[in-house]
Amino acid sequence: MRLVAISVVICLTATAAGAAFGTDATRPPKVDIAGPAPVIEFRDGGETIDTAVPIESLPFVGTGNTCGHVNDYDEACPWLGSTSSDLVYSYVAPYDMCVDVSLCNSFYDTKLYIYEGGWTPGVPLACNDDDLTNCVDPPVLYTSLLEGVGLTSGEVYYIVVDGYGGQCGDYVLEIDEVDCTPPCVVECPPEGVDEGEGPCYDGYEDHFNGGCGSNPIIFSEPPPSNETITICGLSGNYNDNTFRETDWYLLDLTCEMTTITACVTAEFEVSLVFIDLREGCAGFYPYSFAMADACETACLTETL
């Protein structure tokens, strides 16, 4: 965790297209799809995407050690700047499916991300640094887990085993097929306000409130209020799942000290970030971050 001075002008981003303030939902148990026992492969992944080790079938368990390899890739989950060595596996989905991808049982501070179709720096299909909730009894803290990642039939996926900072070590990569049934339905409460942005589609360009990730740069500004504001909307990936739709809400505070609580609930794994924008988009800095699984709620509270 890194701490910086808190700016009077902040923005809040969420991977939900519609940060829902004050909603709640219950997540049902996940249903695993039965299959044969995995074959454990004791070998390192490939050095790059071009030399990725192919995964022939699921379930899969692969073990190896990233030390002594090269730092080829890095993604923000939410932190950039890692110098850790990384290794790569590949998998071609035989049909539309969902998978859990885990580094929970690894022995160092890991990072984990997936590219679809090739290297798409800055826009992985999925990315996780730390899962402190769903990695059950890991050997060390700060291991990684991606749950319910949707794969498309015939597409090739690259699974990157990475580390935080400069850390490396022994890893256990586990991939299982899981049920794709949506875990819940998040409904907008009566007091909710429609965000106003439509659904994503191939060819979509986010000119609505994509914040620093849009061209032109544009934010939503919640109406001034001393009461809880609930905003509802849609989200998703678009342009062959290359881009992730995000929503940025700009808060321009006039009081000397204001305590802000923001919460978001979505039908998918969601991220919530407070960002310091004193230096503009060229120098923006995430200083507070929360994540939640599908149907659960992520919250942040800061005195600004």
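For the structure given in this document, a descriptive report is provided here. Model, not experiment: these values are computed from the prediction. (Residues numbered from 1 in each chain as written. Predicted model: local features only at pLDDT ≥ 70, side-chain atom pairs only at ≥ 80, totals over all residues. Heavy atoms only, no water.)

Attention shifts here to the sheet that holds strand β3 (residues 53-54). Strand pairing within a sheet occurs via backbone hydrogen bonds; the two strands may be parallel or antiparallel. Taken together, five strands build an open sheet; the order of strands is β3-β5-β10-β7-β8 and the sheet is mixed. Two strands close off the open sheet at either side, each with one partner strand: β3 and β8 (126-128). Two strands pair when backbone bridges link them, and strand β5 (residues 87-92) and strand β10 (residues 156-163) are joined in this way by six bridges, in the antiparallel orientation. When the bridges of β10 are listed, Tyr-89 appears paired with Ile-159. (Pairing = 2+ DSSP bridges. Helix = DSSP H or I, 4+ residues; strand = E, 2+ residues; numbered from the N terminus.)

Judged by nonpolar contacts, the single largest core of 26 residues is most densely connected at Tyr-89, Val-101, Leu-151, Ile-159, Leu-173 and Ile-175. When contributions to this core are tallied by element, the ones reaching two or more residues are β5, β6 (97-102), β7 (110-116), β9 (145-151), β10 and β11 (170-178). Residues contacting Leu-151, with those up to four places away along its chain left out, are Tyr-91, Ala-93, Tyr-95, Asp-96, Met-97, Val-99, Leu-125 and Tyr-157. Ala-262, Val-270, Tyr-287 and Leu-300 belong to the second largest nonpolar core, which has 15 residues in total. (Core = buried A, V, L, I, M, F, W, Y, C linked by side-chain atoms within 4.5 Å. Buried < 20%, exposed > 50% of the residue type's maximum accessible area, 1.4 Å probe, protein only. Contact = heavy atoms within 4.5 Å.)

What follows covers empty space enclosed by the protein. Tallying each qualifying case throughout the model produces two cavities of 30 Å³ or more. Taken as a whole, the largest cavity holds about 50 Å³ of empty space. Lining the largest cavity are Tyr-91, Val-99, Val-101, Ile-114, Leu-151, Tyr-157, Ile-159 and Ile-175. Elements with a contribution of two residues or more to the lining of the largest cavity: β6 and β10. For the lining of the largest cavity, a count of residues per class yields eight nonpolar, no polar and no charged. (1 Å grid on protein atoms, 1.4 Å probe; cavity = no way out; pocket = protein on both sides within 12 Å on 5 of 7 lines; lining within 4 Å. Points joined across faces, edges and corners; volume = space filled by probe spheres on them. Nonpolar A, V, L, I, M, F, W, Y, C, P; charged D, E, K, R; others polar.)

A covalent bond between the sulfur atoms of two cysteines is referred to as a disulfide. If you walk through the whole model with that rule in mind, you get eight disulfides. Each sulfur of the disulfide joining Cys-188 and Cys-232 lies 2.1 Å from the other. Measuring handedness by torsion sign, the sulfur bridge of Cys-188 and Cys-232 sits at about 80 degrees and is right-handed. Linking Cys-188 in the loop between β11 and β12 (193-194) with Cys-232 in strand β13 (residues 231-232), this pair joins segments that are 44 residues apart in sequence. (Disulfide = S-S within 2.5 Å.)

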